[in-house]
Amino acid sequence: MAITNQEVLDLFQSTGAYLQGHFRLTSGLHSPAYLQCALVLAHPVHAESLGRALAAAISAIAPELPTIVVSPAMGGLIIGHEAARALGVRHIFTERDPDRRMSLRRGFSISPSDRAVVVEDVITTGGSTAEVVALLESYGARVLAAGSIIDRSGGKAEVGVPRAALATLQVQTWDPSACPLCAQGIEVVKPGSRPA
């Protein structure tokens, strides 16, 4: 099931998930736009269709079928689950431990025989995905590919494995020290799941 870049962005617009303002991203960068995937994924029909499309995109770049989909919590949970459902494999997720490192908890396990794909909602720098890839490899799993609904990096983010995105765009970001919105005195908002 293919979906175009424009169809994905239209879906974000129609559900109120494409926000305009002054935002602090998880990466620490500031941006005038924010893609709140949770507002799209709150609709099961959209979550299912995006999961199927992402599973197809990942299958097109992965050298073989995965045995597991792994997502970083929080943003990757719903889309990772839906992609896993479409691929017919199990889904687990990683969480940050008290030292802010990605870890497996809740009895989740990975074995060296696993062929994994990493799925999250939005990639900006690729940091979280790369951390999950490294964690899975530390357990001996082979990581075949990664995927996201949105790639905010314009295709530039490197995560250590081939990756696919349903929509790729280049949204302006700034280091906080060079942010023109901060210079204008516009209040910054942290809309994601992690505290500011």
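Residues numbered from 1 in each chain as written. Predicted model: local features only at pLDDT ≥ 70, side-chain atom pairs only at ≥ 80, totals over all residues. Heavy atoms only, no water.

Below, the discussion takes up the overall build of the protein chain. The helix and strand tally for the protein chain stands at 6 helices and 8 strands. Its helices and strands taken in sequence order, the protein chain reads α-β-β-α-α-β-α-β-β-β-α-β-β-α from the N to the C terminus. In terms of overall size, the protein chain behaves like a compact globule, its C-alpha atoms giving a radius of gyration of 16 Å where 196 residues would be expected to give roughly 16 Å. Counting only C-alpha atoms, the protein chain reaches 55 × 40 × 30 Å along its principal axes. Restricting the contact set of the protein chain to residue pairs at least 6 apart, pairs at least 24 apart contribute 63%. Accessible area of the protein chain: about 9,100 Å², with a carbon and sulfur share of 53%. Each charge class in the protein chain was averaged separately, 16 positive and 17 negative side chains, and the resulting centres sit 4 Å apart. (Helix = DSSP H or I, 4+ residues; strand = E, 2+ residues; numbered from the N terminus. Rg over C-alpha atoms; globule rule 2.2 N^0.38 Å. Contact = heavy atoms within 4.5 Å. Areas by Shrake-Rupley, 256 points an atom, 1.4 Å probe, with all protein chains shown as cover. Lys, Arg positive; Asp, Glu negative; His and termini not counted. Charge placed at Lys NZ, Arg CZ, Asp CG, Glu CD.)

Our next topic: helix α3 (residues 44-61). Relative to the 26 Å expected for 18 residues at 1.5 Å per residue, α3 spans 26 Å between its end C-alpha atoms, a close match to the ideal helical length. Among the residues making up α3, those that are buried are A47, L50, G51, A53, L54, A55 and I58. Elements that come into contact with the buried residues of α3 comprise α1 (5-14), α2 (37-41), α4 (76-87), β6 (115-123), β7 (142-151) and β8 (163-168). (Expected span 1.5 Å × (residues − 1). Buried < 20%, exposed > 50% of the residue type's maximum accessible area, 1.4 Å probe, protein only.)

Bridge count for strand β1 (residues 18-24) against strand β2 (residues 30-35) is 5 bridges, and the pairing is antiparallel. Note on β2: the bridge partner recorded for L19 is Y34. The turn linking β1 back onto β2 is made up of 5 residues, and G28 within it adopts a positive phi angle of 95 degrees. (Pairing = 2+ DSSP bridges.)

Moving on, we get to the sheet that holds β8. Sheet strands associate in pairs through backbone hydrogen bonding, adopting either a parallel or an antiparallel arrangement. The 6 strands are arranged β5-β4-β3-β6-β7-β8 in an open sheet whose pairing can be described as mixed. Sheet topology places β5 (102-104) and β8 at the edges, where each strand pairs with a single neighbour. Across the sheet, the mean angle from the axis of one strand to that of its neighbour is 25 degrees, orientation sign disregarded. Inspection of the sheet shows strand β3 (residues 68-72) paired to strand β4 (residues 90-96) by 5 bridges, in the parallel sense. Across the sheet, I68 pairs through a bridge with R90, a residue of β4. (Axes fitted to C-alpha atoms, helices over the stretch in contact; angles between N-to-C directions.)

Among the secondary structure elements, V143 is positioned in strand β7. V143 sits in the buried class, given a relative accessible area of 12%. Linking V143 and V117, residues 26 residues apart in sequence, is a C-alpha distance of 5.7 Å. Those residues within four positions of V143 in sequence are excluded, and the remaining contacts are A116, V118, V133, L136, E137 and V161.

Turning next to α4. When the terminal C-alpha atoms of α4 are compared, their 16 Å separation across 12 residues agrees well with the 16 Å that a helix rising 1.5 Å per residue should span. G76, L77, I79, G80, E82, A83 and A84 are the residues of α4 that are buried. Buried positions along α4 lie against α2, α3, β3, β4, β6 and β7. Once α4 ends, the next one or two residues include G88, with phi positive near 75 degrees.

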